[in-house]
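Structure at a glance
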Amino acid sequence: MTSPMSTAYERNAPDARIVDAALEPSVRRVFWFDDIDTPPAHPVLDSDREADLAVVGGGYAGLWTALLARRRNPGARVVLLEAQTIGWAASGRNGGFCGDSITHGEANGRSRWPDEYDELARLGSENLDAIESDVATLGLDCQFERTGSLSVAVEPHQVEALRGDESAGEWLDSTAVRSEIASPLFLAGRWERTNNALVHPARMALELARAAVEAGVVIHEHSPVTELESGRGGPVMVRTARGSVRAQSVALATNVFPSLVKRARLLTVPVYDYVLMTEPLSAEQHASIGWANRQGLADLANQFHYIRMTADNRILFGGYDAIYHTGGKIRERYENRPASYRRLANNFFAMFPQLEGLTFTHRWAGAIDTSTQFCAFHGTARGGRVAYTAGFTGLGVSATRFAAEVMLDRLAGESTPRTRLEMVRRKPLPFPPEPVASAGINLTRWSLDRADHREGHRNVLLRTLDALGLGFDS
Ligand SMILES: Cc1cc2nc3c(=O)[nH]c(=O)nc-3n(C[C@H](O)[C@H](O)[C@H](O)COP(=O)(O)OP(=O)(O)OC[C@H]3O[C@@H](n4cnc5c(N)ncnc54)[C@H](O)[C@@H]3O)c2cc1C
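If you're wondering where the values come from, they're calculated on a predicted model, not measured in any experiment. (Residues numbered from 1 in each chain as written. Predicted model: local features only at pLDDT ≥ 70, side-chain atom pairs only at ≥ 80, totals over all residues. Heavy atoms only, no water.)

**Observations regarding the overall build of the protein chain**
The criterion, for reference: Numbering of helices and strands starts at the N terminus; helices are DSSP runs of H or I of at least 4 residues and strands are runs of E of at least 2. For this measure, only C-alpha atoms enter the radius of gyration; the expected value for a globule follows 2.2 Å times N^0.38, where N is the number of residues. Burial classes follow relative accessibility: with a 1.4 Å probe on protein chains only, a residue under 20% of its type's maximum area counts as buried, one over 50% as exposed, and anything between as partly exposed. Residues count as neighbours in contact if any of their non-hydrogen atoms are within 4.5 Å of one another. Reported accessibility uses the Shrake-Rupley method at a 1.4 Å probe radius. Residues are deemed covered only where the shown protein chains occlude them. By the counting rule applied here, Lys and Arg register as positive and Asp and Glu as negative, while His and the ends of each chain are not counted. For the purpose of locating charges, the reference atoms are NZ of Lys, CZ of Arg, CG of Asp and CD of Glu.
Per the secondary structure count, the protein chain includes 16 helices and 18 strands. Over its C-alpha atoms the protein chain spans a radius of gyration of 22 Å, differing by no more than 12% from the 23 Å that the globule rule assigns to 474 residues. Structurally, the protein chain occupies a C-alpha span of about 65 × 50 × 40 Å along its principal axes. Taken across its 474 residues, the protein chain has 57% of its residues classed as buried. For the protein chain, contacts bridging at least 24 residues in sequence account for 76% of all contacts bridging at least 6. Taken as a whole, the protein chain presents about 19300 Å² of accessible surface, with 52% of it coming from carbon and sulfur. Placing the 51 positive and 57 negative side-chain charges of the protein chain at their respective mean positions leaves the two points 7 Å apart.

Structure follows, in structure tokens:
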């Protein structure tokens, strides 16, 4: 077969005027927060207080940690400190794919931890079941729908890869996959019916905060922690500009933001991921694509899209570009990247040409905490009084609950099936400091894009990184 040297999205590109017209009405704001009433505010920490556990970070990881800490020990004084507002960062702006993997997928997990992968898969699946059960028992109003996932091949070489991957669910040939979701690009698919749920990300964060407060957690927003201070033994002082918490133990759930444990800082880099949201589909438009089973949808390239319906029948279309900005900083201006939004809009209409005329209402971006092992790492500091987790690499909606349990196990000094995992005990390799980081990451990105243009063929750099268990993903 000759090399196509272009992707299906390039070969089926719509007219540029269709892309421009569709993007024109969009605002650069996270749809999920526009879709809810004003969330309740939590006061700034402006005094000195005591706690058994101080949690730093009000995304999913911090919220699960605080909530589960009170469940384990209803008498514990738990204080959560958030630099801005609950869920404003990755937890409120993601795609809402809540999967059963704690290893960023089976292939990554199996290649890194072959001996314990079966256990990791079991724990991942238990983790998703636990989230489903908590959503029901705590009454979390977050539009949880366990619709599974559909992986689709859009290039001939992906069909073969997918055919060989029997663990990825029921095989669908081109007719069957198009009868699920009608796209002329879909050549084949695999449908896994229970491995994934969809959630409304911002509601999930705010509902976890509500449940945490109801369980007795005290939350302070606009209270960035500036430092941790501790002597030998005894409590840890968690300092903010206007107050402090003297805590017996501390859980750091600060994701892509600079870690308060300095040695953990080179373990992640921020990678920006871009998202579009359409207006709600009319009944006719919806009928033209099918999608009655509302699966979470993803294509298979190195640079992949994640695509889903919302409760009010919009389509979220995200991914593909994963941009590392030189210097590795988190900056609001990086969210404004017209080229990435245009590429997404182009790819959207290549996938669904029958939706020409549909417009996007929102476009936004967020920083992903990429680690070299593509999934979270877990550590402790200050003689076991501080636990931390980060590195979810774009798949943390569900894995944050597992990470919260790991932090609580460790702070309690308990040996559990979770803490005994090699995945939990070992840290990934750090990224090199700048300017080497930029050069390496951008060369890797270029190679991945090239592989997507050349029937998936990986060049020497990618093969070397694969062999070393290193790489770059989103
Ligand atoms: C665009 C996008 C799409 C994604 N899509 C998916 C998806 O579909 N499925 C999936 O599984 N994952 C997805 N992810 C990843 C997922 O959103 C994250 O892995 C997950 O939300 C991480 O949760 P967290 O609590 O660790 O981090 P965050 O939500 O980032 O929360 C960390 C919090 O810590 C606070 N903080 C940091 N430093 C301090 C400090 N010093 N003091 C006080 N507070 C501090 C921050 O203000 C922030 O609120 C996506 C991410 C992005 C950006």
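Let's pick the thread back up.
**Observations concerning the side chain of Glu145**
Structurally, Glu145 can be placed in the loop between helix 7 (117-137) and strand 4 (149-153). Owing to a relative accessible area of 19%, Glu145 belongs among the buried residues under this scheme.

**Here we look at the sheet that holds strand 15 (residues 315-323)**
Strand pairing in a sheet is mediated by backbone hydrogen bonds. Such pairs are either parallel or antiparallel. What counts, and what does not: Being paired, for any two strands, means DSSP has found at least two bridges between them. All axes are obtained by fitting lines to C-alpha atoms, using only the stretch in contact for helices, and the reported angles, taken between N-to-C directions, cover 0 to 180 degrees.
Pairing in this open sheet of 8 strands is mixed, and the strands run 5-6-4-13-14-15-12-16 from one edge to the other. Edge strands, defined here as strands with exactly one partner in the open sheet, are strand 5 (170-172) and strand 16 (360-370). Strand-to-strand twist across the sheet, computed as the mean angle between neighbouring axes with direction ignored, equals 20 degrees. Relative to strand 16, strand 12 (residues 269-278) runs antiparallel, the two sharing 10 bridges. If you follow Tyr272 over to strand 16, its bridge partner there is Ala367. The sheet contacts of helix 8 (residues 156-164) involve strand 4, strand 5 and strand 6 (188-192), and relative to strand 4 the element is tilted by about 140 degrees.

**With respect to the site of the ligand**
How we decide: Any residue with a non-hydrogen atom lying within 4 Å of a molecule or strand is treated as near it. Two N or O atoms count as a polar contact when they lie within 3.5 Å, although within protein this holds only if one can serve as hydrogen donor and the other as acceptor, and sequence-adjacent residues are included solely when both atoms are side-chain atoms. Gly falls in the polar group here, along with every residue not listed as nonpolar (Ala, Val, Leu, Ile, Met, Phe, Trp, Tyr, Cys, Pro) or charged (Asp, Glu, Lys, Arg).
Contacts to the ligand come from 36 residues, most closely from Glu82, Trp88, Ser91, Phe97 and Val225. The separation between an oxygen atom of the ligand and a polar side-chain atom of Glu82 is 2.6 Å. In the complex, the protein chains occlude 97% of the 1000 Å² of accessible area that the ligand would expose alone. Contributions of two or more residues to the shell around the ligand are made by helix 4 (60-72), helix 5 (90-93), strand 12 and strand 16. For the shell around the ligand, the residue count by class is 20 nonpolar, 13 polar and 3 charged.

**A few points about the pattern of salt bridges**
Side-chain pairs of opposite charge can arise where the charged atoms are in close proximity. Test applied: Counted as salt bridges are all cases of a side-chain nitrogen of Lys or Arg within 4 Å of a carboxyl oxygen of Asp or Glu.
With the rule as written, the count across this model stands at 32 salt bridges. A salt bridge links Glu229 to Arg239; the shortest N-O distance between them is 2.9 Å. Residue Glu229 is located in strand 9 (residues 225-230), and its partner Arg239 is located in strand 10 (residues 236-240); the two are separated by 10 residues in the primary sequence. Connected through shared salt-bridge partners, Arg71, Arg72, Asp134, Arg401, Glu405, Asp409, Glu414 and Arg418 make up one network.

**Details of the environment of Asn255**
By the element assignment, Asn255 lies in the loop between strand 11 (244-252) and strand 12. Taking C-alpha positions, Asn255 is 7.8 Å from Phe392, a pair spaced 137 residues apart along the chain. Setting aside residues up to four positions removed in sequence, Asn255 forms contacts with Ala90, Asp369, Ala390 and Phe392.

**Let's talk about the packing of helix 4 against helix 10 (residues 201-214)**
Convention followed: Oblique is the label for any angle not under 35 degrees, not over 145, and not in the 65 to 115 range, which are roughly parallel, roughly antiparallel and roughly perpendicular in turn. By convention, the crossing between two helices is left-handed when the near helix turns anticlockwise from the far helix through less than a right angle, and right-handed when the turn is clockwise.
At a minimum axis distance of 9 Å, the contact between helix 4 and helix 10 shows a crossing angle of 25 degrees. Judged by the angle between their axes, helix 4 and helix 10 are roughly parallel. In this structure, helix 4 meets helix 10 at a crossing whose hand is left-handed. Of the residues in helix 10, those touching helix 4 at Tyr60, Leu63, Trp64 and Leu67 are Pro201, Met204, Ala205, Leu208, Ala209, Ala211 and Ala212. Tallied by class, the residues present in the contact of helix 4 with helix 10 amount to 11 nonpolar, no polar and no charged.

**Observations concerning the side chain of Ser244**
Turning to its location among the elements, Ser244 is positioned in strand 11. Ser244 sits in the buried class, given a relative accessible area of 4%. Excluding its chain neighbours within four sequence positions, the residues that come into contact with Ser244 are Leu45, Ser47, Asp48, Arg49, Met237, Val238 and Arg239.

**Describing the pairing of strand 11**
For strand 11, a buried count of 7 out of 9 residues is recorded, marking the element as mostly surrounded by other parts of the structure. Here strand 1 (residues 48-56) runs beside strand 11; their pairing, made up of 8 bridges, is parallel. Each residue of the ladder has a partner; that of Arg49, found in strand 11, is Val245. Judged from the 4 bridges that link them, strand 10 and strand 11 form a sheet pairing that is antiparallel. Among the inter-strand pairings, Val238 is bridged to a residue of strand 11, identified as Val245. Counted between consecutive antiparallel strands, the loop separating strand 10 from strand 11 contains 3 residues. By the bridge criterion, 3 bridges tie strand 11 to strand 18 (residues 386-390) in an arrangement that is parallel. Pairing of Leu252 across the sheet is with Tyr388, part of strand 18.

**Regarding the pairing of strand 9**
Taken together, the 5 bridges between strand 9 and strand 10 define a ladder with antiparallel strand orientation. Directly across from Glu227, in strand 10, lies its bridge partner Arg239.

**Focus: the environment of Arg263**
When you line up the elements, Arg263 lands in the loop between strand 11 and strand 12. Each C-alpha atom of the pair Arg263 and Pro430 lies 9.5 Å from the other, and the pair is 167 residues apart in sequence. Separated by 2.9 Å, the side chain of Arg263 and the backbone oxygen of Thr380 make a polar contact.

**Here's the deal with the state of the cysteines**
Our working definition: Here, two cysteine sulfur atoms that lie within 2.5 Å of each other are counted as a disulfide.
One pass over the structure, following the stated rule, counts 0 disulfides. Free of any disulfide, Cys142 has its nearest cysteine sulfur in Cys98, 8.1 Å distant.

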